Amino acid sequence: MREYVTLIIDGAHIKTARGTSVLDAAIEYGICIPHLCHVPTLSDIGACRLCVVEQIVNGRSKVTTSCTLSVEDGMIIRSNTDKIRNLRRNLAELLVAQAPNSRAVQDMAVRCGVKEVRYPFKNADCILCGRCVRVCAEMWQAKAIGFVGRGKDRHVDFPFGVRPDFCKRCGSCTMLCPMTISPCAGPMERGKERLCGNCESQLMITEKTNDACVLCELGKGFNCARHALGQG
Amino acid sequence: MPRISSLKELEALKKKLQAERKKIKKTLTTCAGTGCQASKSKEVINKLRKELAAQGLDKKVRIRTTGCHGFCEQGPIMVLDPANLFYCHVRSEDVPEIVSQSLSRGKVIERLLYTDPVSGEKIKTEAAIPFYRAQDRQLLAMNRLVDPESLEDYLAVGGYSALIKTIGKVEPETVIEEIKKSGLRGRGGGGFPTGRKWTECRQAAGEEKYVICNADEGDPGAYMDRCLLEGNPHLVLEGMMIGAWAVGAQKGYIYVRNEYPLAVKHARQAVAQARAWGLLGENILGTSFSFDVEIARGGGAFVCGESTALMASLEGKVGEPRPKDVHTVVDGLWHMPTTLNNVETWANVPGIMEHGADWFAVKGTETSKGTKILALTGHIKNTGLVEVAMGTPLRTIVYDIGGGGSNGKAIKAVQTGGPSGGCLPVDKFHLAVDFDALTKAGSMVGSGGMVVMDESTCMVDVAKYFLTFLQDESCGKCLPCRLGIERMLEIVTDITEGRGRPEQIDLLKELAETVQETSLCGLGKTAPNPVLSTLQYFLDEYHIHIDQKRCPAGVCQSLISYSVNEEKCTGCGVCKRNCPSQAIEGQKKHPHRIIDDLCTRCGICTSECQFQSIAVS
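The present account deals with the structure reproduced in this document. (Residues numbered from 1 in each chain as written. Chains lettered and ligands numbered in written order. Predicted model: local features only at pLDDT ≥ 70, side-chain atom pairs only at ≥ 80, totals over all residues. Heavy atoms only, no water.)

All names here are of chain B. The buried count for strand β2 (residues 61-66) comes to six of six residues, which makes it a mostly enclosed element. Neither face of β2 is exposed, since Val61, Ile63 and Thr65 on one face and Arg62, Arg64 and Thr66 on the opposite face are all buried. With six bridges joining them, strand β1 (residues 26-31) and β2 adopt parallel strand pairing. Following the sheet pairing, Thr30 is matched in β2 by Thr65. (Buried < 20%, exposed > 50% of the residue type's maximum accessible area, 1.4 Å probe, protein only. Helix = DSSP H or I, 4+ residues; strand = E, 2+ residues; numbered from the N terminus. Pairing = 2+ DSSP bridges.)

This is how it looks when you write it as structure tokens:
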């Protein structure tokens, strides 16, 4: 027997199965909470922090990521407050300054309302979302790639830097990687990175309909779970 | 070694040991903590043993080697009892004199006495030293009385009394109630009420429960946990046993960093002794309670002090934190209910159980009870470990215990709580050491690091230092901590190197608040504190760096230049000889000159010059 609970996200009463994450519940209901490291069917690690929401506990608000938060009866969640929008924008700004050469990241920046980037651009190849590592370990039980190093030196690599036999080159890692698709105008040269912002028109649709998911094109860019689930 | 099978037996043994100890009147206590060992206290102790044996005094005098007394700056420290004579900076050459003069004839050796840096007086007894007098040494005092390698010693000073009183006799719920009543809060940084943690763990469902002692102390300059574990491991162990009884755990871990070899050694010995004596293992002291402790060595990652990262590390995984939406008291080590407390928290438990919650709660403020050990370092006269009652104002700690500024300069700020804490200016020195008061002021008690800074410190540089530390220690799992700290460091570096722009201050603040709100674990959530607190209290310093491209304290290398004051310069040539980049020219007995283009601003000339003739601007 599945047990159901009712929680309130942005004022909407949502009935969902116990064990679901707040993010999944919101997406299922059509509330858009931007997310990047979350992939349906894989575990959530809360790495990108973009899916932050406010949880109201005893009248006090607590900021937490919705992907790692399990639903509970009577839970009150706010995903679209000024505070959350600001935090989300700042996070997306950090992200796009780090890796402007990805359509997914650029789309995410637009979706989160980044209008200017106040940090010098870096042209990183990886944003350490961990999608590849998790799909390899959880979907294929291969663990052929993993995180190596700590902090600034953290990167994804094969064990000891050598491709092991149990990597079958299935390509799942590449398929889920948000860095594989360049911005529409083509790859940006080093030193000429910028905020793309071409899809801002999409944002106007999403903003008008407030927090409801309109299956925007932006979602396709960053592999939004709603698109991935084929609900679009 | 006797194996004790009942509570009564333990009590009888304790009485016997206490009676035996009373017979020996004279005791020579020498500190063999890490601080004093660094100043060669082992040599002193070896020499002392030989000397006493040669004089035939080894039966009449007891030599006790102990853990840290707290006054590490004066090491090696020796205390002669019963006279309470206090000798500092003892060298092995002094030992024959100590034995022949002080021990046999009761004479005081003047040159080994402690000189109070404030009044300049020589002080004879330990009790009269202002550094100790102003403290309230509930936990640290015991360090001087026990040899950490001897369980008998611990028993003789009343150790394991709380255990005897508690296990098998007091209901676990009553124990927790007592801890709750005492108002004990976690000493590791967060200040979470210990009683509440234990209740939740007790009530949580799980086949097995664990207690963990977090001895992965990593704040720069802080070493209170190290000293407790090195100096009195049985106290920590006793606390853990009581905790295990209260929450219903059968297994405990002491997670201690491998950089603390003495702490690892003493903890291991303590556990082995306790096992051999029947204080750990199956059916402890004939009761139904079974509990065992294992020592786990940490690899020295700062982030492993975070509870979930520590548990991941214990499980053999990479030491990375995970989201704590479900608390570790419910879903902790191997997904079982786990109570994790700091060394100092555990060390407070036996006292509470022995003397009662009221005894503990007498000291402290409304919300913070008991005493707190602080590591007092920086630009002050007396540095070392100090223990004060919660609620003691910072002023008392800095000026009365610390003796005030060390090199004649005015004190500017105190940094509390390590990299997660903040800097408080002098006009906040009325604030008390209290979890909530310091947090409200933008800093925190944290694990108890306290770095005093005088006018020669640049606060922007301090923020940069802590950001560099945190960048190195961030695990890199979540975006705000990894990228946020990197960008904050970038901005602060820009400011210290003269590239700062006025709008960067707002950006820094906004970014700091974002990192604070959105980071995954405690490390990231508190990482912006050094930036936010310096922005709050020392904003003018940031502005001077940005607007005037000047570092008022003369620290930031890109913003300062060195020059020779020609009136003061005698032309001795010391600076010229020592300059690594040949940036100083001049003839003997004529004023020298610094060539600015060649100068790397290393500051060697300033420290080498005997006549203070090198000016920094």
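The rest of the description comes next.
This part covers the pattern of salt bridges. Residues and elements named next belong to chain B. Evaluation of the coordinates by the stated rule reveals 39 salt bridges over all chains. Across the pair Arg62 and Asp153 runs a salt bridge whose closest N-O atoms are separated by 3.2 Å. Separated by 91 residues along the polypeptide, Arg62 in strand β2 and Asp153 in helix α7 (residues 151-156) bring together distant segments of the chain. The pair Arg62 / Asp153 is uniform in exposure class, with both members buried. Where Glu344 meets Lys372, a salt bridge forms, and the shortest distance between an N and an O atom there is 2.6 Å. Of this pair, Glu344 sits in helix α15 (residues 343-355) while Lys372 is found in strand β11 (residues 371-378), placing the two residues 28 residues apart along the sequence. One continuous salt-bridge network, built from bridges that share partners, spans Arg91, Glu93, Asp94, Glu97 and Arg111. (Salt bridge = Lys/Arg side-chain N within 4 Å of Asp/Glu carboxyl O.)

Residues and elements named next belong to chain A. Residue alternation in strand β1 (residues 4-9) divides its side chains into a buried set, Val5, Leu7 and Ile9, and an unburied set, Tyr4, Thr6 and Ile8. Here β1 runs beside strand β2 (residues 12-17); their pairing, made up of six bridges, is antiparallel. Bridge assignment links Val5 to a residue of β2, and that residue is Thr16. Linkage of β1 to β2, two consecutive antiparallel strands, is achieved through a turn of two residues, within which Asp10 is found at a positive phi near 50 degrees. The sheet contact formed by β1 and strand β5 (residues 76-78) spans two bridges and is parallel. When the bridges of β5 are listed, Ile9 appears paired with Ile77.

Now for the nonpolar core. The biggest cluster of nonpolar side chains holds 87 residues, and the ones touching the most others in it are Leu50(A) and Met488(B). Ranked by residues supplied to this core, first place goes to helix α20 (residues 479-496) of chain B with nine residues. If we ignore the near neighbours within four places in the chain, the residues touching Leu50(A) are Pro34(A), His35(A), Leu36(A), Arg88(A), Leu91(A), Ala92(A), Leu95(A), Met108(A) and Cys112(A). (Core = buried A, V, L, I, M, F, W, Y, C linked by side-chain atoms within 4.5 Å. Contact = heavy atoms within 4.5 Å.)

For the rest of this paragraph, the subject is the sheet that holds β1(B). Residues and elements named next belong to chain B. Pairing within the open sheet is mixed, and its four strands lie in the order β2-β1-β3-β4. Lying at the two open borders of the sheet, with one neighbouring strand each, are β2 and β4 (85-87). When strand polarity is set aside, the average angle formed by the axes of neighbouring strands in this sheet is 15 degrees. Along the sheet face, helix α4 (residues 95-105) touches β1, β2, β3 (78-81) and β4 and points at about 35 degrees away from the line of β3. (Axes fitted to C-alpha atoms, helices over the stretch in contact; angles between N-to-C directions.)

Our next topic: the side chain of Ser533(B). All names here are of chain B. Note on placement: Ser533 falls in helix α23 (residues 529-537). The exposure class assigned to Ser533 is buried, which follows from its relative accessible area of 1%. Within polar-contact distance, the side chain of Ser533 engages the backbone nitrogen of Cys423 at 2.8 Å. Polar contacts involving the side chain of Ser533 include one to the main-chain carbonyl oxygen of Pro530, which spans 3.4 Å. In contact with Ser533, other than residues within four places in its own chain, are Gly422, Cys423, Gly442 and Phe538. (Polar contact = N/O pair within 3.5 Å; in protein donor to acceptor, adjacent residues only side chain to side chain.)

Turning our eyes to something else, we now look at the packing of aromatic side chains. All names here are of chain B. Evaluated as defined, the whole model comprises 16 aromatic pairs over all chains. Between Phe131 and Tyr132 the ring centres are 5.6 Å apart and the planes differ by 65 degrees, which places this aromatic pair in the edge-to-face class. We note that Phe131, like Tyr132, is buried. With centroids separated by 5.1 Å and ring planes inclined at 90 degrees, the aromatic side chains of Tyr154 and Tyr160 adopt a geometry described as edge-to-face. Residue Tyr160 is classed as buried on the basis of its relative accessible area, which comes to 0%. Following the ring pairs from residue to residue traces out a cluster consisting of Phe71, Phe86, Tyr114, Phe131 and Tyr132. (Phe/Tyr/Trp six-rings, centres within 6.5 Å; stacked < 30°, edge-to-face > 60°.)

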